[in-house]
Amino acid sequence: MARLARPLFYLGLAAYAFLLVLPLLNLFVASFKSDGELFAPGFWPANPTLEPYREALQKYPLARYLLNSLVVALGTTLGVLLVSATLGYALARIPFAGQSALFGFVVALLLIPGEVTFLPLYLLVQQLGWLNTYTALIVPFIASPLGIFLLRQFIKSLPQDLFDAARIDGAGHLRMLWHVALPLSAPALGALAALTFLGSWNMYLWPLVTINRSEMMTAQIAIAQVQNVEVTSWNVVAAAAVLVLLPTLIAFLLAQRLFIRGIALGGLKG
Amino acid sequence: MLLFIVWPTLSAFWLSFHRENLLGTSREWVGLANYAEMLKDPAFWRSVGATFVFAAIVAPVQLVLGLVAALMVARPFPGVGFFRTLFFLTTAVPTAVAAVAWGWFLHPVGGTANRWLEALGLPRQPWLTSPELALPTLAVVTAWAGVGFTAILLTAGLQQIPEELYEAARIDGAGPWTQFWRITLPLLSPTLFLVALLVLLSSLTAFGQIHLLTRGGPMESTTVWIYRVYQDAFFNFRFYYASAQAVALFLVLLLLAALQFRFFGRRVHYG
């Protein structure tokens, strides 16, 4: 029975994986089809062509859109890491009046879903004159309650002896943060970085309302624009989508562990 | 944090008690008028209904798809890394790309879905173009996009179940089916509950795929709550009325988040 079960198990795995990947595979395949072949029957292109990619790159500044997304995602990630590490350290290691109240406050903020603050946030950003800037896409997301929470928990769990030893060596809080807490928090920081990067890269609603100048669009919003213009040339839309997918896909494959860890950590909290 | 989270939250409430004049140049305090209008607005209630139908499809579909994937790859076997990558892959797919992939897959003429239906001798389906089918279709698309995320969390949950329990059960002669119902499901249920809440929470604010695939149509069948807010604020130029609807959505989400939070608190203490 075991001998029979094993091939069956792999068959089931393969079938399920195929089903889950099918829409993406279908998109990938379409991006190599010529205009004439697009609506012809047959799943695979008979004569694969790079023409849709050439057209997508020629008609749309996709490199610029991807660069915008990259700047925003990297900027947000760096900001979140910096703020979370500093505040997380302060909440875990520097005793001050109202510390636990402040921590409770951060935890309470975890409950506020971003989709609902976007209208007043829009007005605020508009008044600050930030519409159509990177600032609008980065700054509001830097103080991340989740990041502060994760780092605080992590730094709190580090052995107190290390900090005592550093103090005896004459280290202040800044040096302890930089030389003791941060190197030891690398796993938490890495997971948080992966999570923030992915979240920022995938933002849709917020850039949709704060960006309307074409050269400031992020890749996600640009796709909507390409899809609107290319009503029938689905191969061009597919090529553009594949180009936008590639960076996250590569990042995911390279940093799979970090991503998964980030999601497991972030998910168990929300 | 005060500026970008606390202030907007408070001001969301404040805005919802106001109304703009026709030119949008000034605003006046109207008390609860926005809420009163909202409660009498059939368009609002349609969007609430659509949201809950949507979530009621997304949650079970995503949980079952994710659970099946997690059950397959939770224990190590040769090649497990490869299959984990494939099962978790949708996590790395931006909403916009997922929407385009499905838009093409379900295309009325060139889409593979309808081609295969025809090959089986079944009629083509107006997936995204009929008011009856569009919302369930979008829900399935959303569930698919979330499978990777669900599978990761459930895999983590499954790995916490001690292997010895299964060994003991096998010695007692329990088959895989009994093991699943008697061991896996009960022990996984805390994780399942948490994941279900997370899925529910995120499905109530799904936006990108709707904007890209149906723009709330056909005949407003896919205008969910958050889409209604977006439409009223940026197309009907009723920013303050939209704020009232956003605050109402906030309260519903808050309730769910509070549940999840209480639950998480328990896990931290005893888990």
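Residues numbered from 1 in each chain as written. Chains lettered and ligands numbered in written order. Predicted model: local features only at pLDDT ≥ 70, side-chain atom pairs only at ≥ 80, totals over all residues. Heavy atoms only, no water.

Asker: So what exactly am I meant to see when it comes to the overall build of chain A here?
Answerer: When you go through chain A residue by residue, the secondary structure sums to 15 helices and 0 strands. A compact globule built from 270 residues should have a C-alpha radius of gyration of about 18 Å, whereas chain A, at 23 Å, is more than 25% larger. Dimensions of chain A, computed from C-alpha atoms along their principal axes, come out at roughly 75 × 65 × 30 Å. Taking all 270 residues of chain A together, the buried fraction comes to 54%. At a minimum sequence separation of 6, the contacts of chain A that also span at least 24 residues come to 71%. Once the 15 positive and 10 negative side-chain charges of chain A are each reduced to a mean point, those two points are 12 Å apart. (Helix = DSSP H or I, 4+ residues; strand = E, 2+ residues; numbered from the N terminus. Rg over C-alpha atoms; globule rule 2.2 N^0.38 Å. Buried < 20%, exposed > 50% of the residue type's maximum accessible area, 1.4 Å probe, protein only. Contact = heavy atoms within 4.5 Å. Lys, Arg positive; Asp, Glu negative; His and termini not counted. Charge placed at Lys NZ, Arg CZ, Asp CG, Glu CD.)

Asker: Explain the overall build of chain B to me, please; I cannot follow it from the model alone.
Answerer: Of regular secondary structure, chain B possesses 12 helices and 2 strands. Each principal axis of the C-alpha atoms in chain B carries an extent, and together these give about 75 × 55 × 30 Å. Taking all 271 residues of chain B together, the buried fraction comes to 55%. The contacts in chain B between residues at least 6 apart in sequence include a share of 63% that link residues at least 24 apart. When the accessible surface of chain B is totalled, it reaches about 12100 Å², and 70% of it is carbon and sulfur. (Areas by Shrake-Rupley, 256 points an atom, 1.4 Å probe, with all protein chains shown as cover.)

Asker: I would appreciate a short explanation of the packing of helix α3 (residues 42-73) of chain B against helix α4 (residues 80-88) of chain B in the present structure.
Answerer: Two packed helices can be described by the angle between their axes and the distance between those axes. Residues and elements named next belong to chain B. α4 packs onto α3 with a crossing angle of 170 degrees between their chain directions and a minimal axis gap of 10 Å. Judged by the inter-axis angle, α3 sits roughly antiparallel to α4. Taken as a pair, α3 and α4 cross one another with a handedness that is left-handed. Taking contact as the criterion, the partners of A69, M72 and V73 in α3 are, on α4, V80, F83, R84, F87 and F88. Here the contact of α3 with α4 is built from residues that sort into 7 nonpolar, no polar and 1 charged. (Axes fitted to C-alpha atoms, helices over the stretch in contact; angles between N-to-C directions. Parallel < 35°, antiparallel > 145°, perpendicular 65-115°, else oblique. Left-handed = near helix turned anticlockwise from the far one by under 90°. Nonpolar A, V, L, I, M, F, W, Y, C, P; charged D, E, K, R; others polar.)

Asker: What am I meant to see in the environment of P186 of chain B here?
Answerer: Residues and elements named next belong to chain B. Relative to the helices and strands, P186 resides in helix α9 (residues 176-203). The partly exposed category is assigned to P186, whose relative accessible area is 41%. For P186 and V97, which are 89 residues apart along the polypeptide, the C-alpha to C-alpha distance reads 36 Å. Setting aside chain neighbours within four positions, we find P186 in contact with F180 and W181.

Asker: I keep staring at the interface of chain B and chain A and nothing clicks. Help me out?
Answerer: Buried accessible area, meaning the area lost when the parts come together, often serves as the stated size of an interface. In this assembly, 78 residues from chain B lie in contact with 75 residues from chain A. When chain B packs against chain A, the two sides together hide about 7000 Å² of surface, and 81% of this comes from carbon and sulfur. For the pair chain B and chain A, the number of links is 0 salt bridges. Counting the contacts that link chain B with chain A gives 8 residue pairs in polar contact (both at pLDDT 80 or more). A total of 15 residues in the side of chain B that touches chain A trace back to one element, the largest contributor, which is helix α12 (residues 239-270) of chain B. Here the residues of the side of chain B that touches chain A sort into 60 nonpolar, 14 polar and 4 charged. (Buried area = accessible area lost by both parts, 1.4 Å probe. Salt bridge = Lys/Arg side-chain N within 4 Å of Asp/Glu carboxyl O. Polar contact = N/O pair within 3.5 Å; in protein donor to acceptor, adjacent residues only side chain to side chain.)

Asker: Looking at this structure, how should I read a nonpolar patch on the surface?
Answerer: Where nonpolar side chains cluster on the molecular surface, the patch consists of L67, L70, V71 and L74 of chain A and spans about 300 Å² of accessible area. Note on L70 of chain A: relative accessible area 35%, which makes it partly exposed. (Patch = residues over 30% accessible without salt bridge, like charges linked within 9 Å, V, L, I, M, F, W, Y side chains within 5 Å.)

Asker: How should I be thinking about the pattern of salt bridges in this particular structure?
Answerer: Opposite charge on two side chains lets them pair, provided their charged atoms get close. This structure, assessed with the given rule, holds 11 salt bridges over all chains. One salt-bridge network, held together by shared partners, links R46, E220, R228 and D232 of chain B.

Asker: Where do I start with the side chain of T77 of chain A in this structure?
Answerer: Residues and elements named next belong to chain A. With respect to the secondary-structure elements, T77 resides in helix α4 (residues 62-93). The exposure class of T77 is buried, given its relative accessible area of 7%. Residues contacting T77, with those up to four places away along its chain left out, are A193, T196 and F197.

Asker: Mind showing me how you'd approach the packing of helix α2 (residues 33-40) of chain B against α3 of chain B here?
Answerer: Residues and elements named next belong to chain B. Between α2 and α3, the shortest axis-to-axis distance is 5 Å and the interhelical angle comes to 70 degrees. On the basis of their axis angle, the class for α2 and α3 is roughly perpendicular. Together, M38, L39 and K40 of α2 and P42, F44 and W45 of α3 make up the contact between the two elements. Tallied by class, residues from the contact of α2 with α3 come to 5 nonpolar, no polar and 1 charged.

Asker: Can you walk me through the packing of aromatic side chains in this structure?
Answerer: The geometry of an aromatic ring pair is captured by two quantities: the separation of the ring centres and the angle between the planes. The final tally for this structure, using the stated rule, is 36 aromatic pairs over all chains. Taking the centre distance of 5.2 Å and the plane angle of 65 degrees together, the rings of F44 of chain B and W45 of chain B count as edge-to-face. Relative accessible area serves as the criterion here: at 2%, F44 of chain B is assigned to the buried category. Feature note: the residues F118, Y122 and Y204 of chain A together with F207, Y227, Y230, F234, F235, F239 and Y240 of chain B constitute an aromatic cluster, connected by ring pairs. Looking at R152 of chain A, its charged tip hangs above the ring of F103 of chain A, at a distance of 3.8 Å from the centre. (Phe/Tyr/Trp six-rings, centres within 6.5 Å; stacked < 30°, edge-to-face > 60°. Lys NZ or Arg CZ within 6 Å of the ring centre and 35° of its normal.)

Asker: Please clarify how the confidence of the model for chain B should be interpreted in this entry.
Answerer: Atomic detail in the predicted coordinates should be set aside for any region of low pLDDT. Mean pLDDT over chain B works out to 86, with 93% of the residues at or above the 70 mark. Scoring of the predicted complex yields 0.87 for pTM and 0.85 for ipTM. (pLDDT = per-residue confidence, 0-100.)

Asker: Explanation requested: α9 of chain B in the structure shown.
Answerer: Across its 28 residues, α9 of chain B extends only 32 Å between first and last C-alpha, which sits more than 12% below the 40 Å expected from 1.5 Å per residue. The largest bend in α9 of chain B is about 55 degrees, located at S189 of chain B, with the proline P190 of chain B one to four residues further on. (Expected span 1.5 Å × (residues − 1). Bend = angle between axes of the 7 residues up to and from the residue.)

Asker: What's the story with the environment of E28 of chain B in this structure? I'm lost.
Answerer: Residues and elements named next belong to chain B. Take E28: it is sitting in strand β2 (residues 27-29). For the pair E28 and F87, spaced 59 residues apart in sequence, the C-alpha to C-alpha distance is 53 Å. With sequence-adjacent residues up to four places away left out, E28 is seen in contact with F17, H18 and R19.

Asker: What's the story with unusual backbone geometry in this structure? I'm lost.
Answerer: Peptide bonds are mostly trans, and most non-glycine residues show a negative phi. All names here are of chain B. At R215, a residue that is not glycine, the phi angle is positive and equals roughly 50 degrees. Secondary-structure assignment places R215 in the loop between α10 (208-213) and α11 (225-234). Look at R215 and you get partly exposed, because its relative accessible area is 37%. In this model, M219 sits at a positive phi of 50 degrees, which is unusual for a non-glycine residue.

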